[in-house]
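Here is how the chains run, residue by residue.
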Amino acid sequence: MHGVSNSNIDLKFLIGGPQGGGIESAGQIALKTFVLKGYQVIGTREYQSNIMGAHSYFTIRVKPERPGAINFPVDAATVLDAESVLTHFTDVKKDGFMVYDSSTIKTKIKTIAPMPKPLKERLIKFFEERGMEPTAESAVKVAEENGVKTIGLPMRDLIRKVASETSAPLSRVSKTLNTIGLATTLYLLGVEPNWIEKAIATHFAAKKKVVDMNILAARIAIEYVDEHYGGPCCFLPEGPHLGKETMLATGNEIVAMGKVVGGLTMQTYYPITPASDEALFLEGHRNFELAPWAEEVLRLKKLGAVVLQTEDELSAIMSALGAAVAGARTSTSTSGPGFALMNEAISLAIMAEIPVVITVWQRGGPSTGLPTREGQQDLLHTLFSGHGDNPKIVIASGDHIEAYYDAIKALNWAEKYQTPVIHLVDKYLASTITSLHREDIDPLKATVERGKFVENPGKDYLRYKITEDGISPRAPMGKVPLTWTGLEHTEDGMPTEDPIVRDQMIAKRRRKFETIAREIPDSEKVVLHGDPDAKITLVSWGSTKPIILEAMKLLEKEGIKVNFLQLRLFYPFPVKPVLDVLTNAELVIDIEQNDLAQAAFLIRGYTGFTIEHFVKKLTGRALWDTEVAHAVKRIVETGEKEVVVSGGA
Amino acid sequence: MARSWLDYKTDAWVQWCPGCGNFGILNALHRALAELDIDPSNLVVVTGIGCSGRSCYYIKGNTIHVLHGRAIPTATGIKIANPELTVIAEGGDGDMLGIGVEHFVSIGRRNLDITVIVHDNAVYGLTKGQAGPTLPSWWQTKALPGPNLHDNLNPLLLALASGYTFIARGYAYHVKETKELIKKAIEHKGTSLVQILQPCPTYNNIMTKDWYEERIYYLDQEDPNWDPQVASIDDFKNKMGTILEKMLEWGDKIPLGVFYVNLAKDTFEQRLEKVIPTYREYPPAKRPVSANGKPLVDPWILFADKVVKP
Ligand SMILES: Cc1ncc(C[n+]2csc(CCOP(=O)(O)OP(=O)(O)O)c2C)c(N)n1
Ligand code: SF4
Ligand SMILES: [Mg+2]
């Protein structure tokens, strides 16, 4: 089928399995396969708060251009253990296929220890009602009844076969289980074996033995499929980006990259999901070589950044603030619970005018809530954090590319405006891998700014000098004696309770935020996607952006024309641009992954505009473009106030 | 010309109660800094919240007044960002051993080269005399409505267990001796603790000047051969019994002086240098962040592990 158009290619598949069982690695190989073949991909991981044994799965979508969302049902599922079969047997579309392990298919639901009890009960009832045995085999039967092609692989035999052809011990060989399943799936989806082998070689890179063993496993799988099921009807054409260097990065990684590019010199953190992978990635790249253009200017070859794991989040934020007053360019990274502990320090940073970036990777709350699942519940928490009057910059990123540039911008703003900047991101972004090209993250597109950072303050330097724009020059420690403080103060940082000075200082800090509001262009505060004249406006923020953009295309096909107001900066808030769009619409629908509709609440507070319709997802699972489209359609057609969607296992 | 203690004084009004032990501590610190001839531009003093926390306004240097309990992590960030600064973290017993005790412990695990000074008056001075973490149980100082139900903790033992490599105790009104202890602590390479017994005439009516002065004695005066330095396994075997005994002594006799010095441990700065070769020369606060406003790195090279090459 070479030469056939690739423009209609839209593949979706999932790989399920126990946590710690190599699902992540299989997912990576799958993504690399399609990237090598010239496509764009996203892959997102759903996992439980568990290290080993609980069910997790990786969902992938492949398109000629970067896919913005995943959705179900999928074209194929690789479900090699009984729990995965039972979790996903209804997730595959008619005429799709499901690859399972025929040697474990008799497993009874009751005996699957890690399976959550409510799911067990639902499944047992489901099979009882159909007069079927409560086993994985029944799930395979139901899938077949639904028109799904089922591919049973005798895993035990296949692994023994791999073992017989290598000298490696069986325990090592059994790690190729996922490769066998994945190769089967990729092959049946229409990928030629040579691409699969190339992806395996790329993925395991220098580990030659591992590469060889996995390639052998893939070959054995493909042989078996050819013999028992026949190969795919036809092979996929090559994608439009064949031969292009492509980055595959999670949201955690892309933010870390943005920070390094943005000149971060010190990051502090206390471990928490889904934030810590960002800091660990940074730590893994803390020593770096300067790019040629920088080496030429600075005559320096190498530099490094410090990543400090602290005893708790209080220490994480305070040591970041300490480093900042010393003159470092700092950030810290956490999630809702950790941010809660940083609250008092946010207030200090506002009063003492200390630059710091706090990257907040939201997850499902309240409390420990759904620690490894998606949530957008910390908008109000972060925006209103800190006691006392508490202005700070709050920016939310919609996708990987925005997150990368926002990470750089946040560092610039923090130093320019000497204030905490909260960078709001979330678990979906954190654990979603996407493909990026050079033009998407071009280092030379970014500028690094420090504002009024003075390396050589004079003797009469005043830390809190009252200025027109509200911004006082900032000197690092180690130059002249100076005082920073969380108490109200005179220009030299000495505490005062004088009523006149108090008013002057409040006015100075207010002017600073007026400067910020003025200097940050509206285009960076809010974005209107789609036709400005559309009569229906969707409002949302954060990682829902690419999902909603995909949903808009689906709605368009149904004859529903909408535009989408993506909120980016929550403080200072772009009142007029937002109000202009909202008052122009006949129907406004707010889409959020929190129950309070926090952005809608803020819009009402800031602009007086009341949004009456809501789409919400609260299960902590990734939002689908199809869910958004259906929900919007329903509201348009029925006038319903609220539609709560809940797809995903 | 060497500096005088007056070079470290500010012109702020020192707002402690008359007779407060904090005056002695401040005085000792001013004199220690002068005798060490530390450039005020290179000196950092971080204080927490409390009567003692006000100290930062009375010392000429790079000072910062932060949150209750958080002087140590702030100092940690400063010192890591610029290891050439002389960094002192000061706070009360409540600040350092109550609300901020997690940091008091954790700094020891790093052996970062900062000096921790605890103004120990066994009460929460600034909030009007509640029981502090070093006030013994069943004692009832004057602002307490009933006796203290909590046992007192031992800051020296806690510091030892946490990994501090210099541990000393002084007494606020002994300015000369306390000055010497502070000097040694600042000169020590690694995390050092100076606990300073500090009478609070306003709220601690039990642990008064007289009460202390009947009990305190100096380790090196009692035993002219007193040598707190632990440099080898043998030293450890031979000396730790006595050191522990002295750290535990509290009651009719209260020892003062340097209890413990360990020079065998590497500092956090040295550890950082091992993993970041450019750290000494270009620590976080003294490093370029851009090349004329352009980023320093090319992500496509630095993050090549994330790039799929065709
Ligand atoms: C988070 C927080 N909780 C409580 C307080 C109130 N507070 C101010 S000073 C202080 C206690 C001070 O005691 P200590 O640290 O021993 O210092 P001292 O005044 O005795 O020198 C307290 C509880 C505060 N400032 N911040
Ligand atoms: S209350 Fe006590 S510690 Fe505070 S200033 Fe007065 S005497 Fe000193
Ligand atoms: Mg106290």
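Residues numbered from 1 in each chain as written. Chains lettered and ligands numbered in written order. Predicted model: local features only at pLDDT ≥ 70, side-chain atom pairs only at ≥ 80, totals over all residues. Heavy atoms only, no water.

### Here's the deal with the overall build of chain B
For clarity, the cut-off: Under the scheme used here, helices are H or I runs from DSSP no shorter than 4 residues and strands are E runs no shorter than 2 residues, and both carry numbers assigned from the N terminus. Buried residues are those whose accessible area, probed at 1.4 Å on protein chains only, stays under 20% of the maximum for their type, while exposed residues exceed 50% and partly exposed ones sit between those limits. Only heavy atoms enter the contact rule, under which two residues are in contact if any of them lie within 4.5 Å. Every accessible area reported is derived by Shrake-Rupley at a probe size of 1.4 Å, with residue values counting cover from the shown protein chains alone. By the counting rule applied here, Lys and Arg register as positive and Asp and Glu as negative, while His and the ends of each chain are not counted. To locate a charge, the coordinates of NZ of Lys, CZ of Arg, CG of Asp or CD of Glu are taken.
On a plain count of helices and strands, chain B comes out with eleven helices and twelve strands. Along the longest, intermediate and shortest principal axes, the C-alpha atoms of chain B span 80 × 50 × 50 Å. Buried residues in chain B amount to 60% of all 310 residues. Within chain B, contacts between residues at least 6 apart in sequence are counted, and of these 71% link residues at least 24 apart. Accessible area for chain B stands at about 11900 Å²; split by element, carbon and sulfur atoms hold 54% of it. Taking the average place of the 32 positive charges on the side chains of chain B and the average place of its 34 negative ones, the gap between the two points comes to 5 Å.

### Considerations on the domain arrangement of chain A
A common way to report how large an interface is uses the accessible area buried once the components associate. All names here are of chain A. Here is the rule we go by: Either an automatic procedure or a domain database provided the assignment from which the domain bounds are taken. Two parts placed together each lose some accessible area; with a 1.4 Å probe, that loss summed over both constitutes the buried area. Definition used for salt bridges: Asp or Glu carboxyl oxygen within 4 Å of a side-chain nitrogen of Lys or Arg. Here a polar contact is recorded for every N or O atom pair within 3.5 Å, except that within protein the pair must consist of a potential hydrogen donor and a potential acceptor, and residues adjacent in sequence are included only if both atoms are side-chain atoms. Put simply, Ala, Val, Leu, Ile, Met, Phe, Trp, Tyr, Cys and Pro go in the nonpolar bin, Asp, Glu, Lys and Arg in the charged bin, and everything else, Gly too, in the polar bin.
Domain annotation of chain A identifies domain 1 (11–229), domain 2 (248–445) and domain 3 (525–645). Each of domain 1 and domain 3 has a C-alpha centre, and the two are 35 Å apart. Here domain 1 packs against domain 3, burying approximately 750 Å² in sum over the two surfaces, 50% of which is carbon and sulfur. Joining domain 1 to domain 3, the criterion identifies two salt bridges. Viewed at the interface, domain 3 and domain 1 are joined by five residue pairs in polar contact (both at pLDDT 80 or more). In terms of residue count, the dominant contributor to the side of domain 1 that touches domain 3 is strand β3 (residues 55–63) (three residues). Its residues placed into classes, the side of domain 1 that touches domain 3 shows five nonpolar, two polar and four charged.

### Some remarks on the sheet that holds strand β8 (residues 266–269) of chain A
Within a sheet, adjacent strands bond to each other through the backbone by hydrogen bonds, running parallel or antiparallel. Residues and elements named next belong to chain A. Definition in use: Pairing between strands is defined by DSSP: at least two bridges between them are needed. Fitted lines through C-alpha atoms give the axes, limited to the stretch in contact for helices. The angle between two N-to-C directions lies from 0 to 180 degrees.
Reading across the sheet, the seven strands line up as β11-β8-β12-β13-β15-β14-β21 and stay open at both edges, with mixed pairing between neighbours. In the strand order of this sheet, the two ends are held by β11 (306–309) and β21 (569–571), each with one partner. The sheet shows a mean angle of 20° between the axes of neighbouring strands, taken without regard to direction. One ladder, built from two bridges, connects strand β14 (residues 393–396) with β21; its direction is antiparallel. For valine 394, the partnering residue across the bridge sits in β21 and is tyrosine 571.

### What about the environment of valine 210 of chain A?
Residues and elements named next belong to chain A. If you trace the backbone, valine 210 turns up in helix α9 (residues 208–228). Judged by relative accessible area, valine 210 falls into the partly exposed class, the value being 25%. Sequence separation of valine 210 and threonine 483 is 273 residues, and the distance between their C-alpha atoms is 58 Å.

### Some details on the pattern of salt bridges
Residue and element names in this part refer to chain A. Applying the stated rule across the entire model yields 67 salt bridges over all chains. The shortest N-O distance in the salt bridge between glutamate 415 and arginine 329 comes to 2.7 Å. Taken as a pair, glutamate 415 in helix α16 (residues 400–417) and arginine 329 in the loop between α13 (313–326) and β12 (330–334) lie far apart in primary sequence, 86 residues in all. Considered together, glutamate 415 and arginine 329 belong to a single accessibility category, that of buried residues. For the salt bridge of lysine 561 with aspartate 531, the shortest nitrogen-to-oxygen distance reads 2.8 Å. Here aspartate 531 lies in the loop between β18 (526–529) and β19 (536–541) and lysine 561 lies in the loop between α19 (545–557) and β20 (562–567), a separation of 30 residues in the sequence. Given a relative accessible area of 44%, lysine 561 falls into the partly exposed group. Each member of the salt-bridge network shares a partner with another, and the members are Asp399, Glu402, Asp406, Lys409, Glu524, Lys545 and Arg568.

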